[in-house]
Amino acid sequence: MPAPDPVEAAARFKALQAAERAVGLSDPNPRVGCTLISSRGEILATGHTQQAGGRHAEVEALRIAREAGHDPRGATAFVTLEPCSHHGRTPPCCDALIDAGLARVVVAVGDPNPRVAGQGLARLRAAGIAVEVVGGEWGAASRELNIGFFSRMQRGRPWVRMKVAASLDGRTALDNGASQWITGEAARTDGHAWRRRAGAVLTGIGTVRDDDPRLDVRLVPTQHQPLRVVVDSRLEIAPAARVLHAPGSALVYTTSDDKERIAALANERVEVVRAPADTSGKTDLAALLADLARREVNELHVEAGEKLNGSLLRAGLVDELLLYIAPRLFGPGRGIAAIGPLASLADSLDFEMVDVERIGADLRLRLRPPGRADF
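Since this is a predicted model, take the numbers as computed values, not measurements.

### Some remarks on the environment of Arg123
Here's step 1: Mapped onto the elements of the fold, Arg123 is located in helix 4 (residues 119-126).
Here's step 2: Sequence separation between Arg123 and His192 is 69 residues, and the spatial gap between their C-alpha atoms is 40 Å.
Here's step 3: Once you skip the residues sitting within four places of it in the chain, Arg123 turns out to touch Ser85, Pro92, Cys94, Asp95 and Ile98.
Here's step 4: A polar atom in the side chain of Arg123 sits 2.7 Å from the side chain of Asp95.

Spelled out as structure tokens, the structure:
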């Protein structure tokens, strides 16, 4: 495919940049950007998806163009995801583009939502608008930005990203449980930026008991606090736990039917979900993920201890590792995940590097099981 002309290349880039600004804002809707260029090749406006129930990227771009005095008739829209064709929290974006008299719509990637999935493109074409789906690097970048949305729509579960801070020898805490702080301030801030991406943050009762974390987003600006989720099979969590009272909402999954404890948490406005048990009697983690998908969680950010980490990894439920390595040696201590002992090297859980970046004095690795994003 020939390279786009400079104006169209700039429009694609600006649309993707705008989509990135929807992180921490648009969930559970996908992060979408839209750039309008006139028939003369002038960039008229760029918009991105607003909060759920607010304007989608296309409608936002049209609003900005009109407020600037531009007539969008005959323009081309560059959109990072197929315009929606259904009534959800807002009217269809297709109708807005058709009513605006656009001549052409260029799309990075199709929408995986079964309620759209090609219907948006068909509706635009039926209205006489020229439609092109580009794919390529632009499409891959848009899909990656919305990997959780694609996962929820196509697999029925969130994209599970497990964050771990560890020493060079793989310790997440000393033998006595001390773990604050393993990494430096820059890495901790970066970790909060990844929290902001998520629809929910997951931890276990062991981490709540040992560290009493808040697990909200504090170190970077956000307009959307992820749901905080605790796996607590025996329902041991204290109603005063900080994770239950930080900004936003909290949810506890349990297999317990202790009515007194459930009522105590309800008094703190905490929802308790009775989850099915797995073969060991603990909370069924696959069922938990399916329930979070029904609650429209796209990305699940895990910050837990070695037991819950190990359970998720052994079940094959982890899609990505976000691993911060500090240049320190701890010796004996707590590990990243309780997955062994293994009988042979062939039994190891293998990953592929996605990227490696230095964050302050620490190293950030992103890793995925081979082929995990191929769905």
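### Remarks on the packing of aromatic side chains
Here's step 1: Following the criterion strictly, the structure yields one aromatic pair and no others.
Here's step 2: An angle of 40 degrees between the planes, with centres 6.2 Å apart, marks the rings of Trp159 and Phe375 as tilted. In this pair, Trp159 is assigned in strand 6 (residues 159-166) and Phe375 in the segment after strand 16 (362-368), connecting sequence segments 216 residues apart.
Here's step 3: Classification of Phe375 as partly exposed rests on a relative accessible area of 25%.
Here's step 4: Residue placement shows Arg143 over the ring face of Phe375; its charged tip is 4.7 Å from the ring centre.
Here's step 5: We note Arg155 situated over the ring of Phe375; from NZ or CZ to the ring centre the distance is 4.7 Å.

### Quick notes on helix 10 (residues 285-294)
Here's step 1: Buried residues of helix 10: Leu285, Leu288, Leu289, Asp291, Leu292 and Ala293, and no others.
Here's step 2: Where helix 10 begins, one side-chain oxygen reaches toward the backbone nitrogen of Ala286, 3.1 Å away; that side chain belongs to Asp284.

### Here we look at the sheet that holds strand 16
Here's step 1: Read from one edge to the other, the open sheet built from nine strands follows the order 11-10-9-8-12-6-13-16-15, with strand pairing classed as mixed. A strand with exactly one partner marks an edge of an open sheet, and here the two such strands are strand 11 (271-274) and strand 15 (352-359). Adjacent strand axes in the sheet meet at a mean angle of 20 degrees, parallel and antiparallel pairs treated alike.
Here's step 2: The pairing of strand 8 (residues 200-204) with strand 9 (residues 227-231) spans five bridges and is classified as parallel. Across the sheet, the residue bridging to Gly204 is Val231, located in strand 9.
Here's step 3: Helix 6 (residues 147-155) rests against strand 6 and strand 12 (299-302) of the sheet, and its axis sits at about 135 degrees to strand 6.

### Some words on the pairing of strand 6
Side chains on a regular strand alternate between the two faces of the sheet.
Here's step 1: Of all eight residues in strand 6, eight are buried; the element is thus mostly enclosed.
Here's step 2: Of the two faces of strand 6, the one holding Trp159, Arg161, Lys163 and Ala165 and the one holding Val160, Met162, Val164 and Ala166 are both buried throughout.
Here's step 3: Examined bridge by bridge, strand 6 and strand 12 share four bridges and lie parallel to one another. The residue bridging Trp159 from the neighbouring strand is Glu299, located in strand 12.
Here's step 4: Inspection of the sheet shows strand 6 paired to strand 13 (residues 320-325) by six bridges, in the parallel sense. Bridging from a neighbouring strand, Val164 pairs with Leu323 of strand 13.

Cut-offs applied
Residues numbered from 1 in each chain as written. Predicted model: local features only at pLDDT ≥ 70, side-chain atom pairs only at ≥ 80, totals over all residues. Heavy atoms only, no water. Helix = DSSP H or I, 4+ residues; strand = E, 2+ residues; numbered from the N terminus. Contact = heavy atoms within 4.5 Å. Polar contact = N/O pair within 3.5 Å; in protein donor to acceptor, adjacent residues only side chain to side chain. Phe/Tyr/Trp six-rings, centres within 6.5 Å; stacked < 30°, edge-to-face > 60°. Buried < 20%, exposed > 50% of the residue type's maximum accessible area, 1.4 Å probe, protein only. Lys NZ or Arg CZ within 6 Å of the ring centre and 35° of its normal. Pairing = 2+ DSSP bridges. Axes fitted to C-alpha atoms, helices over the stretch in contact; angles between N-to-C directions.

All quantities given are derived from atomic positions and should not be read as evidence of function.
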